[in-house]
Structures are given as structure tokens and as C-alpha cells.
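One-letter residues, chain by chain:
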Amino acid sequence: MWKKLLVVDDEIFTLRLMEKKLSKDCEVEVAATGEEAKNLIQSNKYDAIILDVNLPDISGLDILKQEKKDPLAINHHTPFVMCSSSVDYETISLAMENKAFDYIIKSFHMDRLSDIMESISSFETAKEKMAV
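All values derive from a computational prediction rather than experimental measurement.

What counts as what
- Residues numbered from 1 in each chain as written.
- Predicted model: local features only at pLDDT ≥ 70, side-chain atom pairs only at ≥ 80, totals over all residues.
- Heavy atoms only, no water.
- Core = buried A, V, L, I, M, F, W, Y, C linked by side-chain atoms within 4.5 Å.
- Buried < 20%, exposed > 50% of the residue type's maximum accessible area, 1.4 Å probe, protein only.
- Helix = DSSP H or I, 4+ residues; strand = E, 2+ residues; numbered from the N terminus.
- Contact = heavy atoms within 4.5 Å.
- Pairing = 2+ DSSP bridges.
- Right-handed = clockwise from strand over helix to strand, strands pointing away.
- Arc of directions from axis to C-beta.

Enquirer: Would you mind going over the nonpolar core with me for this structure?
Expert: Here is a general trend for soluble globular proteins: nonpolar side chains tend to be buried in one another's company. In this structure, Leu51 and Met82 are the most contacted members of the largest nonpolar core, which totals 20 residues. Of all elements in the fold, only β1 (4-8), α2 (34-43), β3 (48-52), α3 (60-69) and β4 (80-84) reach the threshold of two or more residues within this core. Once residues within four sequence positions are removed from consideration, Leu51 is found in contact with Val8, Gly60, Ile63, Leu64, Phe80, Val81, Met82 and Cys83. In this structure, Leu5, Val7, Val81 and Ile104 belong to the second largest nonpolar core, which totals 17 residues.

Enquirer: Just to check I follow, could you spell out the pairing of strand β2 (residues 27-31) for this structure?
Expert: As a general feature of sheets, a regular strand has side chains that alternate between the two faces. Of all five residues making up β2, four are buried, and the element is well covered by its neighbours. As judged from the five bridges shared by β1 and β2, these two strands associate in the parallel manner. Within β2, the residue paired with Val8 across the bridge is Ala31. For the crossover from β1 across helix α1 (residues 12-22) to β2, the handedness is right-handed.

Enquirer: What is the right way to look at α2 in this model?
Expert: Owing to its 3.6 residues per turn, the α-helix brings residues three or four apart onto one side. Turning to α2, its buried residues number three or more, namely Gly34, Ala37, Leu40 and Ile41. Axial view of α2: buried residues confined to an arc of 125°, hence all on one face. In this structure, the buried side of α2 is in contact with β1, β2, β3, α3 and β4.

See below:
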């Protein structure tokens, strides 16, 4: 199913929880800052990226915008799942306008994250079949 995911979150407990849950099925790389995430995103291809909106140094939304704006970027077509601790409808709207695949609130249950990752997988499989 998955080969390589990137999880970006400055809350170490949340970061490790997602890493543990997701690493059962694939390789998971993690980043705790926006700068670290940008470096990884610019140099590695991922099947999906889970990105916190509120990072200490760079907004996750800015990272999303930059990646989706550049059609030559390595992860331009990679699904981004944005996450945040707060329910801010303006931020959610901005994430979706900038081509985020989904947006979850960090108080999520791991089952919700698994459902989203399954949706991305199904979507990618359908795209591959249509391309043939």
C-alpha cells in the first residue's frame, strides 16, 4: 500500500504516536520543525505528507502553498493531510483551497487517520488505473 510517508508535528507525543501507528505498514520519516520538513520535502518523494499547520518556525500552510504552487516540485502531486489542535474554519478553508487532501483536528482518533490514509490509497489506485 504505502511506501514512504512524512509526518510533521512539533508536539513530540503526537509525532511519535502517528509514527508508531503508521510505521506498521510503511516507512515513516518525521520532522518536528517547518525547516526540517521543507528540507525533507524538497529532497525526498513521499506517498503522503501529514503536516501540522502550527509549527514553531514556519506555517504548515506556507509549506503546503509553496509545494503545490511549483509544478516541478518533487511532491507537487503528493497528498497533504493538514492537522491542527484548533478548529479554525478560515485555516481549514485555506488548506483546502491550496489543495490539501484533507484536514484533521489533532484530537482525532487514530482510526480517523487510518481512514484518511486508506482514502488517499484508493484515490491514488484509481488514478493509476485511469492512466493505463
